[in-house]
Every structure is written in structure tokens, then in C-alpha cells.
Amino acid sequence: MSSSQPDPADFNLAQSPGHLLHRAQQFAAERFSKAMAGAKLTQRQFAVLHATAEREGLTQTELVKATGIDRSTLAELVARMVRNGMLVREKLPGDARANAIHLSAEGRTLLEAATLGAMDADAAILSALPKNKRASFLETLRRIALTLEKGEEAAEKLRKKEKEKKKKAKKKAKEKAKAKEKAKKAKKAKKKARKQEAAEG
């Protein structure tokens, strides 16, 4: 094996950042669930409610950016929350494809109760750390989240670039086909004119 390649034998699950983050997430989810005191609300649903409350009328695309939930998952989540009476969707004037998201009265009441539970859950998570480590822990998590957001932004830019590229290629192909058809008609007309000239001559 090349010296530049890591040796799988050196892998230690107990020291793996990915595994430890997963365990930390399990701990956070468990504390959040307990803090909800029976309210049937997931962490993702809470994030959507809170982001919507901070900016009523935002679109699903803006919700993706605000919560970090991927587009397809968020679409299903919002649809389910609308059905359950937590959110209200309204068509945006001038854009039939976009929806403005609002909290329903039920969603607002649920959010108020859930926020206290979320704060208790956060306090329980931080209590697992020494007081002098808590600020640096939060900063580390923010840095990881920011790196993820930048990656998502880059991916979105790439998707838009590819979409624009395909659009241009389609337009070019259409123009080429149109020019080809025009040339074909011109050739046919020229041939017809020659025949007519020959018949007249």
C-alpha cells in the first residue's frame, strides 16, 4: 500500500468525527424528544416552524436555505405540516410555481410551547460540556454548518450552470434545425427555379 494512502487498520471508530457527530445527534434528538413533553414534533418540523415564524411568507427555496433541509425532504415535510394544520401555503402572485409559507394559528401555539422544550434540550446538551468549552463547541458546529452551506451553494450554482448550458444547447440545436430547414427550402426553391428556366428556355 502507498505511504500516502491511509491504512484501514488505523481506523478507530471511537475517534471518528463522523461517528461521534452521529452519536451526538442521537443524544440531541433524544433530549429534544423528551423536552417536547409528548408533543408530536420532530427537530426538522421545529426548525421549519421557527424559520417560518422569523420570516412569514418565505418560499420553500428560502426555507431550504434557512433550515439546511434538502429540497425534496423539505417539500414532503411542508406538505405534511400543511395537512396537519401547522402551516398554510399560499400561491405567490406573479409566480404560479412558488408558494409563500405562513404559520397557522395551531402552528404558532405549538411553536411557542416547543421553543421552551428546545431551549431545555439545548441546555441539557451543553451541560454535558465544561462551561469553558461550550462557546468553542458552538463555534465549531457553526463552522461545520457553514462549510456544508457553502458546499450546497456551490452545488446549486453548478446545477444552475448545467441547466443554463442545456438550455443554450437546446436553443442552438433548434436554431441549427431551423437554419437547416431554411437552407433546404431555399435549395428546393432554387432547383424549382432552374427547372422553370430550363422549361422556358
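Everything below is about the structure printed above this text.
Residues numbered from 1 in each chain as written. Predicted model: local features only at pLDDT ≥ 70, side-chain atom pairs only at ≥ 80, totals over all residues. Heavy atoms only, no water.

A. How the structure looks around the pattern of salt bridges. One pass over the full model with this rule turns up six salt bridges. For the salt bridge of R31 with E30, the shortest nitrogen-to-oxygen distance reads 3.1 Å. Taking relative accessible area as the criterion, R31 reaches 25% and is therefore assigned partly exposed. Here E30 falls in the partly exposed class, since its relative accessible area comes to 40%. Several salt bridges converge on common partners, so that one network encompasses E30, R31 and K34. (Salt bridge = Lys/Arg side-chain N within 4 Å of Asp/Glu carboxyl O. Buried < 20%, exposed > 50% of the residue type's maximum accessible area, 1.4 Å probe, protein only.)

B. A look at the packing of helix α2 (residues 43–54) against helix α5 (residues 105–126). Closest axis-to-axis distance for the α2/α5 pair is 10 Å, and the angle between their directions is 115 degrees. Judged by the angle between their axes, α2 and α5 are roughly perpendicular. At the point where α2 passes α5, the crossing takes the left-handed sense. Contact residues: F46, L49, H50 and A53 in α2; G107, L110, L111, A114, T115 and A118 in α5. Here the residues of the contact of α2 with α5 sort into seven nonpolar, three polar and no charged. (Axes fitted to C-alpha atoms, helices over the stretch in contact; angles between N-to-C directions. Helix = DSSP H or I, 4+ residues; strand = E, 2+ residues; numbered from the N terminus. Parallel < 35°, antiparallel > 145°, perpendicular 65-115°, else oblique. Left-handed = near helix turned anticlockwise from the far one by under 90°. Contact = heavy atoms within 4.5 Å. Nonpolar A, V, L, I, M, F, W, Y, C, P; charged D, E, K, R; others polar.)

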